[in-house]
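Descriptive analysis of the structure
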Amino acid sequence: MTANSAENQPNVVLGVAGGIAAYKACEVLRRLTESGHRVRVVPTEAALQFVGAATFEALSGQPVRTGVFADVEQVPHVRLGQQADLVVVAPATADLLARAAHGRADDLLTSTLLTARCPVLMVPAMHTEMWEHPATQDNVALLRSRGIVVAEPDVGRLTGPDTGKGRLPDPAEIVDLARLLLAEPNALPRDLEGRRVVVSAGGTREPLDPVRYLGNRSSGRQGYALARVAAHRGADVTLVAAHTADLVVPAGVRLVRVGTAEEMRATMLKEASGADAVVMAAAVADFRPVELAEHKIKKTGRDPEPLRLTKNPDVLAELVRSRAAGELDTAVIAGFAAETGDPSTTVLEHGRAKLARKGCDLLVVNAVGDGQAFEVEDNAGWLLTADGTERPIPFGSKSRLASTLWDAVSEQLAAK
Ligand code: CTP
């Protein structure tokens, strides 16, 4: 890393409050520094009961202080907030949320929160009872009303034998949200609160015999990013996932696994019922083998028989047809188009034709091939709407693309 690139590194303050999930802040810190962020850790006194200052200092390469009376000549209680490009508090305990909501400045972290003018991401972690308590819910609502992003806690194992809502989301998810806010400070409004959305992801596999299938290279990352961003914008999210890479299930999202295109079709039609918006991000195989061999197909001395394929249902087109027939009342149906373009037709022209053919309300067009879109972290494209408007989606993370699509979905929902 060059000295010059260090100057260009975003300044992140990582606040750590005193809960058992504080140990996961080390992983968040590690991931942030490894992805090129300069991180100053500001724990509360209670956080140091869980993780020692030496760990945070060693991992960040920066001093760790909790109070406002250390290094007073550098006025850290004002400087840290002023100089930050992003403040992330993970975990944010019930006590920290309460102190932040009420504007307390009784330690370095809360003082930093009062002086920060950059995006602030709070990632709560606590027992379910504490999360659900009206005092905490009021504090969260107050913080959100002031533009602070309070992430949705995950559901799962808590301290001890308990399970429920209140678990810290996976560190990879926290870092993804942090990077999203650095790139686009307004990416996580609460505009999908009270909305139910269904997203499909991954690639279907069409079996040939008990051990072989026809598949594709979709990793599911774009669909997972869509589900994650929608959940943190307040939606009730169902993620229908075909085969994917080993991905973290986003916090608060209901996951339904499917295998084949036929299973995807049946599940999407069922889940779309009563949903406000449906996004088909899955790579659904267009064809499947006509025959499914009951036993493994064995080698013989001769060449194998050619594979006979038959068409799979087009799930996106069927969702649109069901709505037209009055069987679905989903307000917004969106799809993706993976296009390579060819000598006579550009990627965008293929996209426009596909939007018309499928009849959906929104279509994200991605250029694929040459290492673009599939199995990679970043994505770019165009967002086309049925009324003929189009906007370019700049190169950025799949979460950023997701937030651009949810902006458009949210606009259309508000207009209905
Ligand atoms: N799609 C679907 N069912 C299929 C194929 C695709 O629902 N059997 C959806 C995808 O989830 C995506 C959109 O349709 O949202 C476009 O997918 P894409 O593979 O780009 O298009 P195809 O329909 O396969 O068209 P073509 O083969 O002409 O590119």
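This structure is a prediction, so every number in the text was calculated from the model and none was measured.

What follows covers unusual backbone geometry. That bond from Ala90 to Pro91 is cis: its omega, 0°, falls within 30 degrees of zero. One non-glycine residue, Asp71, lies in positive phi territory at about 50°. Assignment of secondary structure puts Asp71 in the loop between α3 (53-60) and α4 (76-83). Notably, Val75 is not glycine yet its phi reads approximately 45°, a positive angle. Examined against the element boundaries, Val75 turns out to sit in the loop between α3 and α4. By relative accessible area, Val75 is classed as partly exposed at 30%.

Listed under "binding site: CTP" (unreviewed entry) in the UniProt record, and renumbered for this structure, are Asp286, Lys296, Pro313, Asp314, Val315, Leu316, Phe336, Lys354 and Lys358. Of the residues just listed, which span 73 residues, the most distant C-alpha pair is 37.7 Å apart, and they do not cluster in one region. Of the annotated positions named here, the largest pocket is lined by Asp286, Pro313, Asp314, Val315, Leu316, Phe336, Lys354 and Lys358. With respect to the secondary-structure elements, Leu316 resides in helix α12 (residues 315-324). Residue class for Leu316 comes out buried when judged on its relative accessible area of 6%. Ignoring anything within four residues of it in the chain, the contact list for Leu316 reads Met280, Ile333, Ala334, Gly335, Lys358 and Cys360. Note that Phe336 resides in strand β16 (residues 332-339). With a relative accessible area of 17%, Phe336 lands in the buried category.

Moving on, we come to the nonpolar core. Counting residues in each nonpolar core, the largest one holds 67 residues, and the members touching the most others are Phe56, Val88, Leu121, Leu226, Leu405 and Trp406. In terms of nonpolar packing, the next biggest core, distinct from the first, is built from 26 residues, Val42, Ala100, Val120 and Leu143 among them.

Most of helix α5 (residues 94-101) sits out of view: six of its eight residues are buried. For α5, the complete set of buried residues consists of Ala94, Leu96, Leu97, Arg99, Ala100 and Ala101. Elements in contact with the buried residues of α5: β3 (86-92), α6 (108-115), β4 (120-124), α7 (128-132) and α8 (134-145). Two residues or fewer after α5 comes Gly103, characterised by a positive phi angle close to 70°.

Glancing now at the pattern of salt bridges. One pass over the full model with this rule turns up 27 salt bridges. As a salt-bridge pair, Asp71 and Arg65 come within 2.8 Å of each other at their nearest N and O atoms. Looking at Asp71, the relative accessible area reads 24%, which means it is partly exposed. We note a salt bridge from Arg144 to Glu152, for which the minimum N-O separation is 3.2 Å.

On to the layout of surface pockets, then. By volume, the largest pocket is sized at about 940 Å³. Together, 37 residues line the largest pocket, and Ala282, Ala283, Val284, Phe336 and Ala338 are the ones closest to its centre. Of all the secondary-structure elements, those providing two or more residues to the lining of the largest pocket are α10 (221-232), α12, β16 and α13 (347-358). Taken together, the residues of the lining of the largest pocket sort by class into 17 nonpolar, 10 polar and 10 charged.

Cut-offs and rules
Note that residues are indexed from 1 along each chain, following the sequence as it is written. Given that the model is predicted, a residue must reach a pLDDT of at least 70 before its local features are reported, and side-chain atom pairs must reach 80 or more before they are shown or counted; all residues, however, enter totals for whole chains, interfaces and linings. To obtain the side-chain values, all non-hydrogen atoms of the structure were used and water was disregarded. Numbering of helices and strands runs from the N terminus; a helix is a DSSP stretch of H or I covering at least four residues, while a strand is a stretch of E covering at least two. Throughout this description, buried means an accessible area under 20% of the type-specific maximum (1.4 Å probe, protein chains only), exposed means over 50%, and partly exposed covers the range between. UniProt positions are given in the numbering used here, feature names are shortened, and annotations may be inferred rather than shown by experiment. A 1.4 Å probe that fits into a set of points on a 1 Å grid over the protein atoms alone but cannot get out defines a cavity; an open set with protein on both sides within 12 Å along at least five of seven lines defines a pocket, and lining residues are those with an atom within 4 Å of a point. Whether two residues are in contact is decided by their heavy atoms, any of which lying within 4.5 Å being enough. We call a set of buried residues a nonpolar core when its members are Ala, Val, Leu, Ile, Met, Phe, Trp, Tyr or Cys and they connect through side-chain atoms within 4.5 Å of each other. In the sections that follow, a salt bridge refers to a side-chain nitrogen of Lys or Arg positioned within 4 Å of a carboxyl oxygen of Asp or Glu. Grid points are joined across faces, edges and corners, and a volume is the space filled by probe spheres set on the points. Gly is put with the polar residues, along with every residue not named as nonpolar or charged; the nonpolar set is Ala, Val, Leu, Ile, Met, Phe, Trp, Tyr, Cys and Pro, and the charged set is Asp, Glu, Lys and Arg.

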